[in-house]
Amino acid sequence: GKEALLAAGAPMSLAMVAPPLLISTLVQVANQPIIRASITIQNPEAPYDTVLGAMRGIRESRGLGALWHGTSAGILKTVPKYCVAVFIKDIMDRTLPRPAPGAPRSEARLRSAKKAVAAGVAGATITNPMDIVRNEMF
């Protein structure tokens, strides 16, 4: 994604943001009915025992579109999280020193863990308010 956009002459900012923006949006839209049904069956008063049963029940009682209730909040939470995570990972990749040739694999794993932790913390910190909004929608 990023490399192809850069090769096509896209600015670095677009090349860094567009792939995770597009992919995370599509994943959120595709997963929303399952998320909606999973949240529904967590309610002890829900008449459904399974995710599939909840999806059918939601569709029958509220219409097909109800399966995507909360998608906008999900996108506002998830998409920035992944974009920030990818951005921070790229920065950390350029910033952290690479293990020396022949160094133990543990050094590469530690470097990878540092990138993952920094990206995860940054993404979660920025999107926490949208987590709260999304949870309140159900």
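Note that the coordinates shown come from a computational prediction; the quantities given were computed from them, not determined experimentally.

### What to know about the environment of Ala119
Phase 1: Counting through the fold element by element, Ala119 comes out in helix 5 (residues 105-136).
Phase 2: Sequence-wise, Ala119 and Trp68 are 51 residues apart; in three dimensions their C-alpha atoms are separated by 28 Å.
Phase 3: In this structure, Ala119 is in contact with Ala85, Ile88 and Lys89, ignoring residues within four places of it in sequence.

### Remarks on the packing of helix 2 (residues 12-41) against helix 3 (residues 51-62)
Phase 1: At a minimum axis separation of 8 Å, helix 2 and helix 3 run at an interaxial angle of 100°. Considered as vectors, helix 2 and helix 3 are oriented roughly perpendicular to each other. For the pair formed by helix 2 and helix 3, the contact residues are Pro33, Ile34, Arg36, Ala37, Ser38, Thr40 and Ile41 on the first element and Val51, Ala54, Met55, Ile58 and Arg62 on the second.

### Description of the pattern of salt bridges
Oppositely charged side chains are able to pair whenever their charged atoms sit close together.
Phase 1: Counted under the stated rule, the structure contains six salt bridges.
Phase 2: Across the pair Asp93 and Arg98 runs a salt bridge whose closest N-O atoms are separated by 3.5 Å.
Phase 3: Asp93 gets classed as partly exposed once you look at its relative accessible area, which sits at 23%.
Phase 4: Lys115 is paired through a salt bridge with Asp93; the nearest N and O atoms lie 3.2 Å apart. Highlighted residues: Lys115 in helix 5 and Asp93 in helix 4 (residues 71-95), separated in sequence by 22 residues.
Phase 5: We classify Lys115 as buried; its relative accessible area is 15%.
Phase 6: Here the salt bridges share partners, and the residues they tie into one network are Asp93, Arg98, Arg111 and Lys115.

Cut-offs applied
Residues numbered from 1 in each chain as written. Predicted model: local features only at pLDDT ≥ 70, side-chain atom pairs only at ≥ 80, totals over all residues. Heavy atoms only, no water. Helix = DSSP H or I, 4+ residues; strand = E, 2+ residues; numbered from the N terminus. Contact = heavy atoms within 4.5 Å. Axes fitted to C-alpha atoms, helices over the stretch in contact; angles between N-to-C directions. Parallel < 35°, antiparallel > 145°, perpendicular 65-115°, else oblique. Salt bridge = Lys/Arg side-chain N within 4 Å of Asp/Glu carboxyl O. Buried < 20%, exposed > 50% of the residue type's maximum accessible area, 1.4 Å probe, protein only.

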